[in-house]
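Now for the letters of each chain:
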Amino acid sequence: MSSIVVKGLTKHFKQNTALDNISLNIKGTYGLLGPNGAGKTTLIRTIATLLPISKGQITYGKISWEDSKEVRRRIGYLPQHFSMYQNIKMIECLNHLAILKGVIDKKHRTEELEKIIHQVNLYDHKDKKIKQLSGGMLRRVGIAQALIGNPEILIVDEPTAGLDIEERVRFRSLLRSIGKNRIVIISTHIVEDLELACDNIGVLKNGKVLAEGKRENISNFADGKIWEVQVAMDEIESLGNNFTIISSKQINNNYTVRLLSDKQPLNTANLVEPRLEDGYLALIRNDEIEAS
Ligand SMILES: Nc1ncnc2c1ncn2[C@@H]1O[C@H](COP(=O)(O)OP(=O)(O)OP(=O)(O)O)[C@@H](O)[C@H]1O
């Protein structure tokens, strides 16, 4: 499978630089991670051909983004804010979108939609009106419409925003299964979304690429810097003043605190294996130190 190669992409909105000369190699299930305003949506919308390229280039095998018609045939897109007509049945809605996408033959369309709604686990709800669906179901309808035409590239922007924990977990494994035979780009600022769903990660901040690589390579940015220590509740505040606390968990009267520090924070602290979230935090913190 080819990768999407982004080279020297730059995007300005008047004085605001949303993307600053970024280069990426997007393959497999690929997570775009970055804080608010990093440039994720701008990049995603550019890859989806919704924003023009003024500087830089994007290619996929022999296909260049200059030929937006060729690119669009290969892309399915679920935007951050996805909504549909509230008063029609979900299956009718998908049928309508399939016609708009050019799946004209009725038999073929019916078969394809049936396959897709099974794939996204919505078959039992196909006759419900859109307004009767939960947030998670609606996101899955969003994926269903993006899968029409069996695109080689699927792009999803903030896929789990507004979903409860159970729906999130379900949605991540759905993305994982869909990504087996195509490129799936997932943009998010929720690290857990990528921990399970993605093999490759690009980290953006302020329109720049901070790092790109396999998930474990990103985790390794925090190698030797993640500590776990047990403290009493009143010690947490002073720890927080001196170190970056990643998480804390109450166990009986004590707390197990996970924190980021270049040096052993307390004699009782143990070094632990970094996760993706830790590597991401280490990258962001390094960038802040360098910028100050
Ligand atoms: N249409 C626009 N006009 C002006 N500035 C814009 C526009 N779209 C994005 N920007 C700016 O470009 C930068 C990148 O925004 P973008 O939405 O791509 O970031 P993001 O990583 O998706 O953030 P979020 O996670 O908050 O959605 C921000 O500073 C934003 O204010």
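As shown above, the structure is provided for reference.
The shown structure was predicted, so the numbers you read here are calculated from the model rather than taken from an experiment. (Residues numbered from 1 in each chain as written. Predicted model: local features only at pLDDT ≥ 70, side-chain atom pairs only at ≥ 80, totals over all residues. Heavy atoms only, no water.)

1. Overview of the site of the ligand
Note the cut-off: The nearness test applies per residue and asks whether one of its heavy atoms lies within 4 Å of the molecule or strand. Between N or O atoms, a polar contact is any pair within 3.5 Å; within protein, one atom must be a potential hydrogen donor and the other a potential acceptor, and residues adjacent in sequence are included only when both atoms are from side chains. To measure how exposed things are, a 1.4 Å probe is used in the Shrake-Rupley method; for residues, cover is taken only from the protein chains shown. For the purposes of this entry, the term helix denotes a DSSP run of H or I that reaches at least four residues, the term strand denotes a run of E that reaches at least two, and both are numbered from the N terminus. Under the grouping applied here, Gly and all other residues not named as nonpolar or charged are polar, the nonpolar ones being Ala, Val, Leu, Ile, Met, Phe, Trp, Tyr, Cys and Pro and the charged ones Asp, Glu, Lys and Arg.
Taken together, Phe 13, Asn 16, Ala 18, Pro 35, Asn 36, Gly 37, Ala 38, Gly 39, Lys 40, Thr 41, Thr 42 and Glu 158 form the complete shell of residues around the ligand. Asn 36 has a polar side-chain atom sitting 3.0 Å from an oxygen atom of the ligand. Within the side chain of Thr 41, an N or O atom sits 2.8 Å from an oxygen atom of the ligand. Here the ligand has 630 Å² of accessible area as a free molecule, and 62% of this is covered by the chains. Broken down by secondary-structure element, the contributors of at least two residues to the shell around the ligand are strand E2 (16-26) and helix H1 (40-47). For the shell around the ligand, the element with the most residues is H1, which contributes three residues. Its residues assigned to classes, the shell around the ligand comprises four nonpolar, six polar and two charged.

2. Thoughts on the sheet that holds strand E12 (residues 244-251)
Selection criterion: Strand pairing is defined by DSSP finding a minimum of two bridges between the two strands. Here, residues are in contact when the closest pair of their heavy atoms is within 4.5 Å. Fitted lines through C-alpha atoms give the axes, limited to the stretch in contact for helices. The angle between two N-to-C directions lies from 0 to 180 degrees.
Taken in spatial order, the four strands line up as E12-E13-E11-E14 in an open sheet, and their pairing is antiparallel. One side of each edge strand has no neighbouring strand; the edge strands of this open sheet are E12 and strand E14 (270-271). With seven bridges connecting them, E12 and strand E13 (residues 254-260) associate as antiparallel partners. From the neighbouring strand, Ser 247 faces E13, where its bridge partner is Arg 258. Relative to the sheet, helix H9 (residues 233-242) contacts strand E11 (226-232), E12 and E13, its axis offset from that of E11 by approximately 140°.

3. Observations regarding the sheet that holds E2
In space, the four strands of this open sheet follow the order E2-E1-E4-E5, with antiparallel pairing throughout. Of all the strands in the sheet, the pair left with one neighbour each is E2 and strand E5 (63-64). Taken together, the two bridges between strand E4 (residues 55-60) and E5 define a ladder with antiparallel strand orientation. Paired with Tyr 60 across the two strands is Ile 63, which belongs to E5. Each of strand E1 (4-13), E2 and E4 is contacted by H1, which is oriented at about 60° to E2, the strand it contacts most.

4. Looking at the packing of aromatic side chains
Geometry of an aromatic ring pair is reported as the spacing of the ring centres plus the angle between the planes. The line we're drawing: Working definition: rings of Phe, Tyr and Trp (its six-membered ring) pair if their centres are within 6.5 Å, and the pair is stacked with planes under 30 degrees apart, edge-to-face with planes over 60 apart, and tilted otherwise. In this scheme, Lys NZ or Arg CZ marks a charge over a ring once it lies within 6 Å of the ring centre and within 35 degrees of the ring normal.
Tallied over the entire structure, the rule returns zero aromatic pairs. Over the ring of Tyr 123 we find Lys 126; its NZ or CZ atom is 4.8 Å from the centre of that ring.

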